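# Architecture and fold: a report
Take a look at the letters that make up each chain.
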Amino acid sequence: MTMAVHVPLNDAIKSAGDPAKIDIQQVRAAFNAARWEAWNLVRVAGSAGAFGRLAWALVLQSRVGG
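To start, this report covers the structure provided alongside it. No experiment lies behind these values; they were computed from the predicted model shown. (Residues numbered from 1 in each chain as written. Predicted model: local features only at pLDDT ≥ 70, side-chain atom pairs only at ≥ 80, totals over all residues. Heavy atoms only, no water.)

## A few points about the overall build of the chain
Looking only at helices and strands, the chain has three helices and zero strands in total. Tracing the chain from N to C terminus, the helices and strands come up as α-α-α. Taken against the 2.2 N^0.38 rule, which gives 11 Å for 66 residues, the C-alpha radius of gyration of the chain at 19 Å runs more than 25% over that of a compact globule. Across the 66 residues in the chain, those meeting the buried criterion constitute 6%. (Helix = DSSP H or I, 4+ residues; strand = E, 2+ residues; numbered from the N terminus. Rg over C-alpha atoms; globule rule 2.2 N^0.38 Å. Buried < 20%, exposed > 50% of the residue type's maximum accessible area, 1.4 Å probe, protein only.)

As structure tokens, then:
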């Protein structure tokens, strides 16, 4: 999802040009912040879930004695 959603949105901002020479409000308005934020929440949830599963696997492994 990072490569499919976040990188293209970030690249669109980068391609707008030098911040000293562009209309930042226009670039900000064209940036789909809601889409970026929504997919960022999906990424956070996925990372948290993966971390939780890893922690649980370590707990189970320690109970087995390995």
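## Concerning helix α3 (residues 33-64)
Across its 32 residues, α3 extends 46 Å between first and last C-alpha, which sits within 8% of the 46 Å expected from 1.5 Å per residue. Directly beyond the C-terminal end of α3, a positive phi value near 100 degrees is found at G65. (Expected span 1.5 Å × (residues − 1).)

## Thoughts on a nonpolar patch on the surface
Together, M1, W39 and V42 make up an exposed nonpolar region whose accessible area comes to about 260 Å². Here V42 shows up in helix α3. (Patch = residues over 30% accessible without salt bridge, like charges linked within 9 Å, V, L, I, M, F, W, Y side chains within 5 Å. Areas by Shrake-Rupley, 256 points an atom, 1.4 Å probe, with all protein chains shown as cover. Salt bridge = Lys/Arg side-chain N within 4 Å of Asp/Glu carboxyl O.)

## Some details on helix α1 (residues 2-14)
Residues of α1 that are buried include every one of V5, H6 and L9, and no others. Buried residues along α1 sit in contact with α3. (Contact = heavy atoms within 4.5 Å.)

## Some details on the packing of α1 against α3
One can describe the packing of α1 onto α3 by two numbers: an axis separation of 10 Å at closest approach and a directional angle of 145 degrees. Pair α1 / α3 crosses with left-handed handedness. Residues T2, V5, H6, L9 and N10 of α1 lie in contact with α3, whose contacting residues are R35, W36, W39, N40 and R43. Along the lines of polarity and charge, the residues of the contact of α1 with α3 split into four nonpolar, four polar and two charged. (Axes fitted to C-alpha atoms, helices over the stretch in contact; angles between N-to-C directions. Left-handed = near helix turned anticlockwise from the far one by under 90°. Nonpolar A, V, L, I, M, F, W, Y, C, P; charged D, E, K, R; others polar.)

## Observations concerning the environment of G49
Among the structural elements, G49 can be located in helix α3. The exposure class of G49 is partly exposed, given its relative accessible area of 29%. A sequence separation of 23 residues divides G49 from Q26, and the C-alpha atoms of the two residues are 37 Å apart.

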